[in-house]
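Examining the three-dimensional arrangement
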Amino acid sequence: MAHGKLISFEGIDGAGKSTQLDHAARCLAARGLRTRVTREPGGTPLAEQLRALLLAEPMDAITETLLLFAARRDHVERVIRPALAAGEWVLCDRFFDATLAYQGAGRGVAEDWLRGLQAQIAGDLEPDLTLLFDVPEALAAARLRHSGAAADRFEREPETFFGRVRSMYLARARAAQTRVCVIDARAPAEQVTSQVEAALTRLTERSAAGRPVSGGPGEGR
Ligand code: TMP
């Protein structure tokens, strides 16, 4: 059976990626692909409990990082790898790029340590495609304010924090241009949707042609 594909959805809080993720799942299912929608932190009963702590409890950056990796380990072992092995297309709301962006650039946690932990808990597992929903931090903050939902521990960070997170995401995109597709998420929703559909079409066509979908060895690590 063909191995499935892993697609991650990234962006600063307020970029609008979650709505697009649901649409992308419908789009792939309409093409006859078996899909699984999941998220990080979360995706298993244990990881969802860790998520609740991460979003609410005050903690330092190292504790936050270790809880995130514990959640990821459980998720990778119990959901992502089995789903990929069963040929499913896994759509994951955030993956390791978020760790480098939020904990690395946002909180100042050492990048080498983050990369080492990632290698230990997930090996060489990397998304086949990452959709990076890019918006300026001021626009994202305005969207969050207008949503009316209570802000979680991350969403309460100042715009300067999200400026650093966004810069890291864009640097990751430049370093891994084959894997990461930057979506201009300032655009009206329909235009964002068409950019997502175009990226998915490129991936499904490459996959059907049996060509590698991610970049060269180590690209974007
Ligand atoms: P979400 O609101 O997009 O579901 O993500 C929850 C929060 O978790 C979001 O504010 C970013 C944060 N997060 C990290 O800080 N590092 C990570 O590695 C992941 C996966 C999420």
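Residues numbered from 1 in each chain as written. Predicted model: local features only at pLDDT ≥ 70, side-chain atom pairs only at ≥ 80, totals over all residues. Heavy atoms only, no water.

Some words on the sheet that holds strand β2 (residues 35–39)
Heads up, the rule is: DSSP calls a pair of strands paired once it identifies at least 2 bridges connecting them. For the purposes of this entry, the term helix denotes a DSSP run of H or I that reaches at least four residues, the term strand denotes a run of E that reaches at least two, and both are numbered from the N terminus. As a rule, the C-alpha atoms of each element are fitted with a line to give its axis, helices using only the stretch in contact, and angles between N-to-C directions run from 0 to 180 degrees. Pairs of residues are marked as contacts when any of their non-hydrogen atoms sit within 4.5 Å.
The strand order across the open sheet built from five strands is β2-β3-β1-β4-β5, with neighbouring strands paired in parallel fashion. Looking at which strands have only one partner, the edges of the open sheet turn out to be β2 and β5 (180–184). Taken pair by pair, the neighbouring strands of this sheet meet at an average axis angle of 20°, ignoring direction. Pairing analysis gives four bridges linking strand β1 (residues 6–10) to strand β3 (residues 89–93), with the strands arranged parallel. Counted as the bridge partner of I7 is L91 from β3. Contacting β1, β4 (129–134) and β5, helix α7 (residues 159–175) crosses the sheet at an angle of about 140° to β4.

Description of the pattern of salt bridges
To keep things clear, this is the line we draw: Should a side-chain nitrogen of Lys or Arg be within 4 Å of a carboxyl oxygen of Asp or Glu, the pair is scored as a salt bridge. Relative accessibility under 20% of the residue-type maximum defines a buried residue, over 50% an exposed one, and the middle range a partly exposed one, all with a 1.4 Å probe and only protein chains included.
All told, the structure shown has 20 salt bridges when counted by the stated rule. R179 is the salt-bridge partner of E126, the closest N and O atoms lying 3.7 Å from each other. Of this pair, E126 sits in the loop between α5 (111–122) and β4 while R179 sits in the loop between α7 and β5; the two residues are 53 residues apart in sequence, bridging distant segments of the chain. Accessibility classification places E126 together with R179 in one group, the buried group.

So, the confidence of the model for the protein chain
For the record, the criterion: The pLDDT value tells you how sure the predictor is about a given residue, anywhere from 0 up to 100.
On average, residues of the protein chain carry a pLDDT of 94, and 95% of them reach 70 or more. Throughout residues 214–218 the model reports pLDDT below 50, and contacts reaching past four residues in sequence, or to other chains, amount to five contacts.

Considering the site of the ligand
Counted only if it meets this: For this description, a residue counts as near a given molecule or strand if any of its non-hydrogen atoms is within 4 Å of it. Throughout this description, a polar contact denotes any pair of N or O atoms lying within 3.5 Å of each other; where both atoms belong to protein, one of them has to be capable of donating a hydrogen while the other can accept it, and for residues adjacent in sequence the pair is counted only when both atoms sit in side chains. Per-residue and other accessible areas were derived by the Shrake-Rupley procedure at a 1.4 Å probe size, with only the shown protein chains allowed to occlude residues. In the scheme used here, Gly and all other residues not listed as nonpolar or charged are polar, with Ala, Val, Leu, Ile, Met, Phe, Trp, Tyr, Cys and Pro taken as nonpolar and Asp, Glu, Lys and Arg as charged.
Taken together, 14 residues sit near the ligand, with K17, R51, R94, T99 and Q103 positioned nearest. For the ligand, an oxygen atom lies 3.2 Å from a polar atom in the side chain of R72. In the complex, the protein chains occlude 95% of the 480 Å² of accessible area that the ligand would expose alone. Elements with a minimum of two residues in the shell around the ligand: α2 (45–56), α3 (61–85) and α4 (96–106). The biggest single contributor to the shell around the ligand is α4, with four residues. Taken together, the residues that form the shell around the ligand break down as six nonpolar, two polar and six charged.

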